[in-house]
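# An overview of the molecular structure
So the chains spell out like this:
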Amino acid sequence: MSDPVPSTREPNWQTGYFDAMYGGEAGDDPYGLRSRWYEQRKRDVLLAALPKPHFRHAYEPACGIGELTVMLAERCEALLAADFNASALAAAQRRTQHLAHVQTERQRLPHDWPASAATQPFDLIVLSEIGYFLNEIELRELAHRCAASLTADGTLIACHWRVPFDARTLPTDRVHALLGGDLPCLVMHIEDDFLLQVWSRDARSVAQRENIW
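Here we summarise the structure given alongside this text. What you see is a predicted model, and the numbers here were worked out from it, not measured in a lab.

Each value, and the rule that gives it
- Residues numbered from 1 in each chain as written.
- Predicted model: local features only at pLDDT ≥ 70, side-chain atom pairs only at ≥ 80, totals over all residues.
- Heavy atoms only, no water.
- Helix = DSSP H or I, 4+ residues; strand = E, 2+ residues; numbered from the N terminus.
- Buried < 20%, exposed > 50% of the residue type's maximum accessible area, 1.4 Å probe, protein only.
- Lys, Arg positive; Asp, Glu negative; His and termini not counted.
- Salt bridge = Lys/Arg side-chain N within 4 Å of Asp/Glu carboxyl O.
- Polar contact = N/O pair within 3.5 Å; in protein donor to acceptor, adjacent residues only side chain to side chain.
- Contact = heavy atoms within 4.5 Å.
- Pairing = 2+ DSSP bridges.
- Axes fitted to C-alpha atoms, helices over the stretch in contact; angles between N-to-C directions.

### Topic: the side chain of arginine 75
With respect to the element layout, arginine 75 can be found in the loop between α3 (67–73) and β2 (76–83). Salt bridges are absent for the buried arginine 75, whose nearest opposite-charge side chain, glutamate 74, sits at 7.6 Å. A polar side-chain atom of arginine 75 sits 2.6 Å from the main-chain carbonyl oxygen of lysine 52. Excluding anything up to four places from it in sequence, arginine 75 contacts Leu47, Ala48, Leu50, Lys52, Pro53, His54 and Phe55.

So this is what it looks like as structure tokens:
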């Protein structure tokens, strides 16, 4: 399948795409996040790649139905999870309703960035399977907002499918090149299926942080 040219798309084309995905026969889980071992394993890999066991204030835009959100919540004091699709967000709200420290909001990236980030920056931002739906201008804005919203020791993690598909706007390698910017890269995990990278303002390795060397 070939990647379409971004300029051929109507503005906010993603609305129709995701409405169709979540309105199909698969119900509120069109990607099989609950049922596929691939998805469960990918979440485990992402969580294992984080350089700290606990975070103070995390942000997960494009949270989907909240399967990763629940796992992130175990390692965060406060977590803001957001999505622009109403069906996905409703599923995420049901999934996290027992977690008082998880807040959910309807947002569209990169424009609906949390205003609270100016006074309460995040020490963890998680971007999973979202960057390639944006065009390069939007992705540059997203990268800028992420960098501007990280604490002095903040971590940015991104994980994206590498295989071409029709709804993709940008290749995953380009997405990660733009997202990382000048932040030190702590982890790069590459498989045929997905690319996962971790960047942090604290450039020390996990062993260095624990004074092992």
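On we go from here.
### Describing the pattern of salt bridges
Two side chains that carry opposite charge are able to pair once their charged atoms sit near each other. Within the structure shown, the criterion is met by 16 salt bridges. Notably, a salt bridge pairs arginine 94 with aspartate 28, separated by 3.2 Å at the nearest N-O pair. Here aspartate 28 lies in the loop between α1 (13–22) and α2 (37–49) and arginine 94 lies in helix α4 (residues 86–96), a separation of 66 residues in the sequence. Taking relative accessible area as the criterion, arginine 94 reaches 48% and is therefore assigned partly exposed. Where lysine 42 meets glutamate 39, a salt bridge forms, and the shortest distance between an N and an O atom there is 3.2 Å. Residue lysine 42 and its partner glutamate 39 are located together in helix α2, separated by three residues, close to a single helical turn. We note that lysine 42, like glutamate 39, is buried. A network of salt bridges, in which partner residues are shared, links Asp28, Arg34, Glu67, Arg94 and Arg95.

### Notes on the sheet that holds strand β4 (residues 122–128)
With mixed pairing, seven strands are arranged side by side in an open sheet as β3-β2-β1-β4-β5-β7-β6. Either end of the sheet is taken by a strand with one partner, and the two such strands are β3 (102–106) and β6 (185–190). In this sheet, neighbouring strand axes are inclined to one another by 10 degrees on average, regardless of whether the strands run parallel or antiparallel. Direction of pairing for strand β1 (residues 55–60) relative to β4: parallel, over a ladder of two bridges. Opposite tyrosine 59, over in β4, you have isoleucine 125 as the bridge partner. The strands touched by α2 are β4, β5 (150–161), β6 and β7 (194–200); relative to β7, the strand with the most contacts, the crossing angle is about 20 degrees.

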